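Coordinates in review
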Amino acid sequence: MTKEYTIRNAKLSEFKEIGKLMVAVYSQLEGFPTASEQPNYYKMLANIGELTQKPDTELLIAVSADDHIMGGIVYFSDMQYYGSEGIATQEKNTSGFRLLAVNPSTRGKGIGKLLIQECIAKAKAKKHCQIVIHTTMAMQIAWKMYENLGFKRSEDLDFMQGSLSVFGFRLLL
């Protein structure tokens, strides 16, 4: 965390705003499926707070000093609730995160990195041996950030979401 931003769990009253941010960010990704192509995915984004009803699942947000939401991410300390296709949900002694979104007006300030570092800290606190994530070709900025943080491609975690290739990464802790 920095003095400028704080990472914390989202409040119930913030879920709708975070859902709007998620939809706005993902719908602007060049090459990413549209809401009409993957309506269930966009419904999940809009209702992002519902994921916190799953055990060991947290919606983390970055907020400014005046409590404006700058970004969000969903952290899973139990991979059975991760919700992806492929083998990731079978991983043991593993945490994961999904659905990273940063407000376009605050990109480049390290908010995404802060959110990811909080997930890594939570995984280490659980004494997990690794953290698993997925990304797509449309998310090249995030992809590079993951690699810079030490995540390595893990082809065994790859899967297809309809016609969309989804790529797995691991960070050994």
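Structure report, in brief.

Conventions we followed
- Residues numbered from 1 in each chain as written.
- Predicted model: local features only at pLDDT ≥ 70, side-chain atom pairs only at ≥ 80, totals over all residues.
- Heavy atoms only, no water.
- Helix = DSSP H or I, 4+ residues; strand = E, 2+ residues; numbered from the N terminus.
- Rg over C-alpha atoms; globule rule 2.2 N^0.38 Å.
- Buried < 20%, exposed > 50% of the residue type's maximum accessible area, 1.4 Å probe, protein only.
- Core = buried A, V, L, I, M, F, W, Y, C linked by side-chain atoms within 4.5 Å.
- Contact = heavy atoms within 4.5 Å.
- Salt bridge = Lys/Arg side-chain N within 4 Å of Asp/Glu carboxyl O.

Across its full length, the protein carries four helices and eight strands. The secondary structure elements of the protein, listed N-terminal to C-terminal, are β-α-α-β-β-β-α-β-α-β-β-β. Its C-alpha atoms give the protein a radius of gyration of 15 Å, near enough to 16 Å, the size a compact globule of 173 residues would have. The dimensions of the protein, computed from C-alpha atoms along their principal axes, are 40 × 40 × 30 Å. In the protein, buried positions account for 50% of the 173 residues.

We now examine the nonpolar core. Residues Tyr26, Phe97, Leu99, Ile116 and Phe151 are the most contacted members of the largest nonpolar core, which totals 58 residues. Not counting chain neighbours up to four residues away, the residues in contact with Leu99 comprise Met22, Tyr26, Tyr41, Met44, Leu45, Ile48, Leu51, Gly72, Ile73 and Val74.

So, on to the pattern of salt bridges. When charged atoms on two side chains of opposite charge get close, those side chains can pair. Tallied over the entire structure, the rule returns six salt bridges. The shortest N-O distance in the salt bridge between Glu58 and Lys122 comes to 3.0 Å. Pair noted here: Glu58 is in strand 2 (residues 57-64) and Lys122 is in helix 3 (residues 111-125), with a separation of 64 residues, a long-range link. One salt bridge in this structure joins Arg170 and Glu91, with 3.0 Å as the shortest N-O distance. Residue Arg170 is found in strand 8 (residues 164-172), and its partner Glu91 is found in the loop between strand 3 (69-76) and strand 4 (94-102); the two are separated by 79 residues along the sequence. Here Arg170 falls in the buried class, since its relative accessible area comes to 14%. By relative accessible area, which is 18% here, Glu91 ends up buried. Linked through salt bridges whose partners overlap, the residues forming this network are Arg8, Glu14 and Asp67.

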